[in-house]
Amino acid sequence: MQSGMMWKLVSCTLCLFVSSQITLWSVSAAADDPDGEVKIEVLFKPEQCSPKSKRGDLVNAHYDGYLAKEGTQFYCSRSDKDGHPQWFVLGVGQIIKGLDIGMTDMCVGEKRKITVPPSLAFGEKGKDPVPPNATVIFQVEVYSVTRGPRSMEAFGEMDRDKDKALTKDEVKEYLKLQYEKGGKPNDDPFYEKIMADIFHKNDKDKDGLISANEYNIYQHDEL
């Protein structure tokens, strides 16, 4: 167990060192651009780069955050939640808006440096340990991109009884099919974990179902 914790510490330390070397040239400019746009630098892209991430996709990635002005690290996904890559649905506000923008059109294995101004990060108030009005830089590596359970097309496929509400079994079965299609089947606890997280974030009234209104985050697609 101690060796595992040591590896996470070493991994984050290496991330910090590499990032500081890569981003040094842009730190001053980024820190002075509070209302600017998201800046994206592709550090590595596989020759076969598909599918590419889009809004509503389920993404699995490691991402590490740094303060642009000081260059200090404020988050390391390799030391959070047992060091597993993070699962999230892209483009729906589960991560900061700047990452939703900066991680669009990424494929498995791709690495990016994403510089995010305060207005698209943690804003005027900040969020501990990020201070107010801070520009942040993220090092991101994507491990998985699958069509997530947030597109209207996916809703129709999941809603097998056509009652415009999703049960846990319907969501879980959909996830299994998507991973099997991609040639990456997993064991039951893997799907249970993703399904539980989806319901935790989206079952607003906690009735054990995701209704059409709870699901329809875009508020414009017809169900």
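Structure: see above.
What you are looking at is a predicted structure, and each value in this text was computed from that prediction instead of being measured.

**Student:** Give me the lowdown on the state of the cysteines, citing residues and values where you can.
**Tutor:** Taken as a whole, this structure holds 1 disulfide when the rule is applied. A sulfur-sulfur separation of 2.0 Å characterises the disulfide bridge that pairs C49 with C107. On the sign convention where negative is left-handed, the bridge of C49 and C107, at about -105° about the S-S bond, is left-handed. Remark: C107 occurs in the loop between α3 (97-102) and β5 (111-116) and C49 occurs in the loop between β1 (39-44) and β2 (58-67); sequence separation between them is 58 residues.

**Student:** Describe in detail unusual backbone geometry, supporting the description with residues and values.
**Tutor:** That bond from S50 to P51 is cis: its omega, 0°, falls within 30 degrees of zero. Inspection of the secondary structure assignment puts P51 in the loop between β1 and β2. Of note, the amide linkage connecting D128 to P129 takes the cis form, showing an omega dihedral of 10°. With respect to the helices, strands and loops of the structure, P129 is situated in the loop between β5 and β6 (136-146). At N133, a residue that is not glycine, the phi angle is positive and equals roughly 55°. Turning to its location among the elements, N133 is positioned in the loop between β5 and β6. For K162, which is not glycine, the phi dihedral falls at a positive 55°. Tracing the sequence through the fold places K162 in the loop between α4 (152-158) and β7 (165-166).

**Student:** If you had to explain the nonpolar core to someone new, which residues and values would you point to?
**Tutor:** Counting 24 residues, the largest nonpolar core has L99, M103, F138 and V140 as its most contacted members. Every element with two or more residues in this core is listed here: β2, β5 and β6. Among the elements that make up this core, the one with the highest residue count is β6 (5 residues). Apart from residues lying up to four places away in sequence, F138 is in contact with Y63, D64, G65, F74, I96, L99, R112, K113, I114 and V116. V89, Y179, I194 and Y215 belong to the second largest nonpolar core, which has 19 residues in total.

**Student:** Could you give me a rundown of helix α5 (residues 168-181), with the residues and numbers involved?
**Tutor:** Every α-helix carries 3.6 residues per turn, so stepping three or four residues along brings you back to the same face. Helix length check: α5 (14 residues) gives 20 Å between terminal C-alpha atoms against 20 Å at 1.5 Å per residue, within 8%. Of the residues making up α5, those classed as buried are E170, V171, K172, Y174, L175, Q178 and Y179.

**Student:** Can you tell me about the pattern of salt bridges, naming the residues and giving the values?
**Tutor:** Tallied over the entire structure, the rule returns 8 salt bridges. Note that D57 and K54 form a salt bridge whose closest N and O atoms lie 3.3 Å from each other. For D57, a relative accessible area of 2% puts it in the buried group. Through salt bridges with shared partners, a single ionic network connects K172, K176, D188 and E192.

Cut-offs used in this document
Residues numbered from 1 in each chain as written. Predicted model: local features only at pLDDT ≥ 70, side-chain atom pairs only at ≥ 80, totals over all residues. Heavy atoms only, no water. Disulfide = S-S within 2.5 Å. Helix = DSSP H or I, 4+ residues; strand = E, 2+ residues; numbered from the N terminus. Core = buried A, V, L, I, M, F, W, Y, C linked by side-chain atoms within 4.5 Å. Buried < 20%, exposed > 50% of the residue type's maximum accessible area, 1.4 Å probe, protein only. Contact = heavy atoms within 4.5 Å. Expected span 1.5 Å × (residues − 1). Salt bridge = Lys/Arg side-chain N within 4 Å of Asp/Glu carboxyl O.

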